[in-house]
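The chain contents come next:
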Amino acid sequence: MGRLEDLAIHHATAARWELSEALNRIATLDDEGTLHDKDLGRIAYAYQRMSWWQQVTDLTHGREEPIDGATALLTVRQRAQDLLINARPVNNGGLFALAMAEARRGGARAFLDATEKLADALALLSDHDTRPAKGITPATAQAPAEGRRP
């Protein structure tokens, strides 16, 4: 297991812990305790944030053919970006549906923010791997074309 896979597991575990803490607020309410909107919002946001990291770990440790951490991270980032760009507005379902949609967007945004620098670094590495080294020209430029005189 590589460093990226370890990082994904660390973030997924931290997000699970955050969700657990938010849920404990409900579990520890006594008869006179009051549950506030912010408590439910915290649970929804923590759940959504955890779900993005869970997708990464599912891809790296999945039941099907696991993929490397970099590919998994970039794949889930694309899904999060797609959600933010292509999400349709909630037209019906009331305030709960609206709040859950907002929590999904917030979780996606948090995931994108947390992985932005890492994704930029991965993009630089992939660009570096595909560029020829300095002073080396591609093979098509080195060999003269057939039928042409040098």
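(A) Spatial organisation of the nonpolar core. Trp 52, Trp 53, Val 56, Leu 73, Val 76, Ala 80 and Phe 111 are the most contacted members of the largest nonpolar core, which totals 14 residues. Of all the secondary-structure elements, those providing two or more residues to this core are helix H1 (3-27), helix H2 (37-60), helix H3 (69-86) and helix H4 (94-130). Looking at this core, the element that brings in the most residues is H3, giving five residues. Ala 15, Ile 43, Ala 46 and Met 50 belong to the second-largest nonpolar core, a separate cluster that totals six residues.

(B) Spotlight on a nonpolar patch on the surface. Together, Leu 23, Ile 26, Leu 35 and Leu 40 give the surface a local cluster of nonpolar side chains, amounting to about 310 Å² of exposed area. Along the chain, the position of Leu 40 falls in helix H2.

(C) Local environment of the packing of aromatic side chains. Counted by the stated rule, this structure contains two aromatic pairs. Summarising the aromatic geometry, the rings of Trp 52 and Phe 111 are spaced 6.2 Å apart at their centres and angled 25 degrees between planes, so their arrangement reads as stacked. Taken together, the positions of Trp 52 in helix H2 and Phe 111 in helix H4 put the pair 59 residues apart, joining distant regions of the chain. For the pair shown, Trp 52 and Phe 111 are each scored as buried. Both rings, one in Trp 53 and one in Phe 111, keep their centres 4.8 Å apart while their planes meet at 70 degrees; by these two values the pair is edge-to-face. Of this pair, Trp 53 sits in helix H2 while Phe 111 sits in helix H4, and the two are 58 residues apart along the sequence. Just as Trp 53 is buried, Phe 111 falls in that class too. Among the aromatic residues, those joined into a cluster by ring pairs are Trp 52, Trp 53 and Phe 111.

(D) Local environment of the packing of H1 against H2. Running from amino to carboxyl end, H1 crosses H2 at an angle of 155 degrees, the nearest separation of the two axes being 8 Å. One way to sum up the angle between H1 and H2 is to call them roughly antiparallel. Where H1 crosses over H2, the two elements pack in a sense that is left-handed. Residue composition of the contact of H1 with H2, by class: 16 nonpolar, four polar and eight charged.

(E) Summary view of the pattern of salt bridges. Going through the model one piece at a time under the given rule, you end up with three salt bridges. Residue Arg 105 is joined to Glu 102 by a salt bridge in which the shortest nitrogen-to-oxygen separation is 2.7 Å. Within this pair, Arg 105 and its partner Glu 102 are both found in helix H4, separated by three residues, close to a single helical turn. Residues Arg 109 and Asp 113 are paired through a salt bridge, measuring 3.1 Å at the closest nitrogen-oxygen approach.

(F) A look at the confidence of the model for the protein. Averaged over every residue, the pLDDT of the protein is 79; the share at 70 or more is 80%. When pLDDT is averaged over each helix and strand of the protein, the minimum, 42, is found for helix H5 (residues 139-142) and the maximum, 92, for H3. In the model, residues 135-150 has pLDDT below 50 throughout and makes one contact with residues more than four positions away in sequence or in other chains.

Calculation notes
Residues numbered from 1 in each chain as written. Predicted model: local features only at pLDDT ≥ 70, side-chain atom pairs only at ≥ 80, totals over all residues. Heavy atoms only, no water. Core = buried A, V, L, I, M, F, W, Y, C linked by side-chain atoms within 4.5 Å. Buried < 20%, exposed > 50% of the residue type's maximum accessible area, 1.4 Å probe, protein only. Helix = DSSP H or I, 4+ residues; strand = E, 2+ residues; numbered from the N terminus. Patch = residues over 30% accessible without salt bridge, like charges linked within 9 Å, V, L, I, M, F, W, Y side chains within 5 Å. Areas by Shrake-Rupley, 256 points an atom, 1.4 Å probe, with all protein chains shown as cover. Salt bridge = Lys/Arg side-chain N within 4 Å of Asp/Glu carboxyl O. Phe/Tyr/Trp six-rings, centres within 6.5 Å; stacked < 30°, edge-to-face > 60°. Axes fitted to C-alpha atoms, helices over the stretch in contact; angles between N-to-C directions. Parallel < 35°, antiparallel > 145°, perpendicular 65-115°, else oblique. Left-handed = near helix turned anticlockwise from the far one by under 90°. Nonpolar A, V, L, I, M, F, W, Y, C, P; charged D, E, K, R; others polar. pLDDT = per-residue confidence, 0-100. Contact = heavy atoms within 4.5 Å.

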